[in-house]
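Read off the chains here:
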Amino acid sequence: YKAGATADKELSGFRQTGTVELGGEIAYASLSSPTSPNTASMLAFSPYLGLMLSPGFELGISPSVVTQTESTTATKLDLYLSIAYNIDTRSNEYPFIELLAGYGSLSSLGDNEGGIALGITGGLKAVIGRSGLILISIEYLNNNYSSGNSAPVNTDVSLNTFTFSV
(Lines give C-alpha, C1' and ligand atoms only; values in the text may rest on other atoms or scores of the structure.)
Protein backbone atom coordinates (compact mmCIF):
# COMPACT_ATOMS: atom_id res chain seq x y z
CA TYR A 1 0.00 0.00 0.00
CA LYS A 2 1.32 3.46 -0.92
CA ALA A 3 0.21 6.24 1.39
CA GLY A 4 -0.25 9.68 -0.15
CA ALA A 5 -0.46 8.53 -3.77
CA THR A 6 -1.02 11.23 -6.37
CA ALA A 7 -3.13 11.20 -9.52
CA ASP A 8 -0.16 10.17 -11.70
CA LYS A 9 0.60 7.10 -9.57
CA GLU A 10 -1.29 3.95 -8.81
CA LEU A 11 -3.42 4.26 -5.68
CA SER A 12 -3.00 0.72 -4.33
CA GLY A 13 0.39 -0.47 -5.55
CA PHE A 14 -1.24 -3.70 -6.73
CA ARG A 15 0.59 -3.75 -10.09
CA GLN A 16 4.08 -3.38 -8.53
CA THR A 17 6.77 -5.93 -9.36
CA GLY A 18 6.84 -8.61 -6.65
CA THR A 19 3.19 -8.32 -5.61
CA VAL A 20 1.75 -11.75 -4.78
CA GLU A 21 -1.89 -12.57 -5.51
CA LEU A 22 -3.44 -15.47 -3.57
CA GLY A 23 -6.98 -16.58 -4.27
CA GLY A 24 -9.12 -19.22 -5.81
CA GLU A 25 -12.53 -20.77 -5.76
CA ILE A 26 -14.35 -23.46 -3.85
CA ALA A 27 -17.85 -24.57 -4.79
CA TYR A 28 -20.33 -27.26 -3.80
CA ALA A 29 -23.66 -28.06 -5.42
CA SER A 30 -26.27 -30.73 -4.72
CA LEU A 31 -29.27 -31.57 -6.88
CA SER A 32 -32.14 -33.83 -5.93
CA SER A 33 -35.60 -34.41 -7.31
CA PRO A 34 -38.72 -35.70 -5.56
CA THR A 35 -39.37 -37.91 -8.60
CA SER A 36 -35.89 -39.50 -8.73
CA PRO A 37 -34.04 -41.55 -6.10
CA ASN A 38 -30.66 -40.27 -7.37
CA THR A 39 -28.92 -37.24 -5.92
CA ALA A 40 -26.17 -35.52 -7.86
CA SER A 41 -23.42 -33.51 -6.23
CA MET A 42 -20.38 -31.56 -7.37
CA LEU A 43 -17.36 -30.27 -5.44
CA ALA A 44 -14.79 -27.96 -7.02
CA PHE A 45 -11.57 -26.56 -5.56
CA SER A 46 -9.25 -24.28 -7.51
CA PRO A 47 -6.56 -22.26 -5.66
CA TYR A 48 -4.54 -19.53 -7.44
CA LEU A 49 -1.06 -18.09 -6.92
CA GLY A 50 0.11 -15.14 -9.01
CA LEU A 51 3.26 -13.00 -9.03
CA MET A 52 3.78 -9.62 -10.72
CA LEU A 53 6.92 -10.07 -12.84
CA SER A 54 6.87 -6.41 -13.92
CA PRO A 55 4.30 -3.64 -13.44
CA GLY A 56 0.97 -5.13 -14.55
CA PHE A 57 2.35 -8.41 -15.96
CA GLU A 58 1.40 -11.37 -13.78
CA LEU A 59 2.44 -15.02 -14.00
CA GLY A 60 0.09 -17.44 -12.25
CA ILE A 61 -0.47 -21.11 -11.49
CA SER A 62 -3.76 -22.76 -10.65
CA PRO A 63 -4.41 -26.44 -9.94
CA SER A 64 -8.07 -27.49 -10.14
CA VAL A 65 -10.02 -30.48 -8.81
CA VAL A 66 -13.68 -31.12 -9.68
CA THR A 67 -15.56 -34.21 -8.50
CA GLN A 68 -19.08 -35.05 -9.63
CA THR A 69 -21.10 -37.86 -8.12
CA GLU A 70 -24.44 -39.25 -9.26
CA SER A 71 -24.75 -42.95 -10.00
CA THR A 72 -20.98 -42.94 -10.72
CA THR A 73 -18.12 -40.61 -9.84
CA ALA A 74 -16.16 -38.52 -12.31
CA THR A 75 -13.04 -36.55 -11.38
CA LYS A 76 -11.40 -33.77 -13.37
CA LEU A 77 -7.85 -32.67 -12.45
CA ASP A 78 -6.21 -29.72 -14.20
CA LEU A 79 -3.10 -27.59 -13.82
CA TYR A 80 -3.05 -24.20 -15.54
CA LEU A 81 -0.27 -21.69 -16.07
CA SER A 82 -1.40 -18.18 -16.89
CA ILE A 83 -0.01 -14.86 -18.02
CA ALA A 84 -2.12 -11.80 -17.30
CA TYR A 85 -1.95 -8.08 -17.90
CA ASN A 86 -3.56 -5.81 -15.30
CA ILE A 87 -4.32 -2.38 -16.80
CA ASP A 88 -3.38 0.73 -14.79
CA THR A 89 -6.45 2.97 -14.48
CA ARG A 90 -4.93 5.27 -11.83
CA SER A 91 -7.53 3.96 -9.39
CA ASN A 92 -8.15 0.86 -7.28
CA GLU A 93 -9.91 -0.94 -10.16
CA TYR A 94 -7.84 -2.92 -12.66
CA PRO A 95 -9.33 -4.39 -15.84
CA PHE A 96 -7.35 -7.49 -16.81
CA ILE A 97 -6.96 -10.08 -19.54
CA GLU A 98 -5.41 -13.49 -18.93
CA LEU A 99 -4.34 -16.36 -21.16
CA LEU A 100 -4.34 -19.88 -19.71
CA ALA A 101 -2.63 -23.05 -20.85
CA GLY A 102 -2.32 -26.34 -19.07
CA TYR A 103 -2.87 -30.06 -18.87
CA GLY A 104 -5.84 -31.93 -17.51
CA SER A 105 -7.09 -35.40 -16.80
CA LEU A 106 -10.61 -36.81 -16.69
CA SER A 107 -11.40 -40.04 -14.88
CA SER A 108 -14.73 -41.90 -14.86
CA LEU A 109 -15.78 -45.57 -14.83
CA GLY A 110 -12.18 -46.72 -15.03
CA ASP A 111 -11.41 -44.60 -18.10
CA ASN A 112 -8.58 -42.11 -17.72
CA GLU A 113 -8.08 -39.45 -20.35
CA GLY A 114 -5.64 -36.54 -20.51
CA GLY A 115 -4.94 -33.59 -22.71
CA ILE A 116 -4.23 -29.93 -23.31
CA ALA A 117 -6.38 -27.10 -21.94
CA LEU A 118 -6.44 -23.54 -23.30
CA GLY A 119 -8.46 -20.56 -22.16
CA ILE A 120 -8.92 -16.84 -21.79
CA THR A 121 -10.24 -14.78 -18.89
CA GLY A 122 -11.13 -11.11 -18.66
CA GLY A 123 -12.63 -8.94 -16.00
CA LEU A 124 -12.03 -6.46 -13.23
CA LYS A 125 -9.96 -6.66 -10.05
CA ALA A 126 -10.95 -4.16 -7.36
CA VAL A 127 -8.57 -3.56 -4.46
CA ILE A 128 -10.41 -3.38 -1.13
CA GLY A 129 -8.58 -1.93 1.87
CA ARG A 130 -4.85 -2.59 2.08
CA SER A 131 -4.69 -6.12 0.73
CA GLY A 132 -8.14 -7.40 -0.25
CA LEU A 133 -9.25 -8.04 -3.82
CA ILE A 134 -12.66 -8.57 -5.38
CA LEU A 135 -12.55 -10.30 -8.73
CA ILE A 136 -15.31 -10.13 -11.35
CA SER A 137 -14.52 -12.24 -14.41
CA ILE A 138 -15.72 -14.11 -17.46
CA GLU A 139 -13.73 -17.17 -18.52
CA TYR A 140 -13.71 -19.53 -21.49
CA LEU A 141 -11.85 -22.86 -21.25
CA ASN A 142 -11.39 -25.59 -23.84
CA ASN A 143 -10.21 -28.94 -22.47
CA ASN A 144 -9.38 -31.74 -24.93
CA TYR A 145 -9.04 -35.17 -23.37
CA SER A 146 -7.79 -38.25 -25.20
CA SER A 147 -7.39 -41.80 -23.92
CA GLY A 148 -4.35 -42.24 -26.15
CA ASN A 149 -5.38 -45.71 -27.26
CA SER A 150 -6.34 -46.91 -30.72
CA ALA A 151 -9.58 -48.61 -29.69
CA PRO A 152 -12.28 -48.90 -32.36
CA VAL A 153 -14.53 -46.65 -30.23
CA ASN A 154 -13.43 -43.02 -30.01
CA THR A 155 -13.41 -41.96 -26.35
CA ASP A 156 -11.90 -38.51 -26.93
CA VAL A 157 -13.72 -35.71 -25.11
CA SER A 158 -13.72 -31.97 -25.78
CA LEU A 159 -15.12 -29.90 -22.92
CA ASN A 160 -15.90 -26.20 -23.44
CA THR A 161 -16.89 -24.12 -20.41
CA PHE A 162 -17.96 -20.52 -19.96
CA THR A 163 -17.87 -19.16 -16.40
CA PHE A 164 -18.97 -15.91 -14.81
CA SER A 165 -17.49 -15.35 -11.33
CA VAL A 166 -17.69 -12.77 -8.57
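Only a predicted model underlies this, so the values are computations on that prediction, with no experimental measurement involved.

K.L.:
What is the right way to look at the side chain of E98 in this model?
P.N.:
Position of E98 among the secondary structure elements: in strand β5 (residues 93-108). This buried residue, E98, is left without a salt bridge; K125 holds the nearest opposite charge, at 5.9 Å. A distance of 3.2 Å separates the side chain of E98 from the side chain of S82, its partner in a polar contact. Beyond its immediate sequence surroundings of up to four residues, E98 is in contact with Y48, S82, I83, A84, G119, I120 and T121.

K.L.:
How should the pairing of strand β3 (residues 57-69) be read in this particular structure?
P.N.:
Working note: regular strand, side chains alternate between the two faces of the sheet. Bridge count between strand β2 (residues 36-54) and β3: 10 bridges; the pairing is antiparallel. Counterpart to A44 in the pairing with β3 is V66. Adjacent in sequence and paired antiparallel, β2 and β3 are bridged by 2 residues, among which G56 carries a positive phi angle near 90°. Sheet topology places β3 next to strand β4 (residues 73-86); 13 bridges connect them, and they run antiparallel. Residue pairing across strands places E58 opposite A84, the latter belonging to β4. What sits between β3 and β4 in their antiparallel hairpin is a turn of 3 residues.

Procedures and definitions
Residues numbered from 1 in each chain as written. Predicted model: local features only at pLDDT ≥ 70, side-chain atom pairs only at ≥ 80, totals over all residues. Heavy atoms only, no water. Helix = DSSP H or I, 4+ residues; strand = E, 2+ residues; numbered from the N terminus. Buried < 20%, exposed > 50% of the residue type's maximum accessible area, 1.4 Å probe, protein only. Lys, Arg positive; Asp, Glu negative; His and termini not counted. Salt bridge = Lys/Arg side-chain N within 4 Å of Asp/Glu carboxyl O. Polar contact = N/O pair within 3.5 Å; in protein donor to acceptor, adjacent residues only side chain to side chain. Contact = heavy atoms within 4.5 Å. Pairing = 2+ DSSP bridges.

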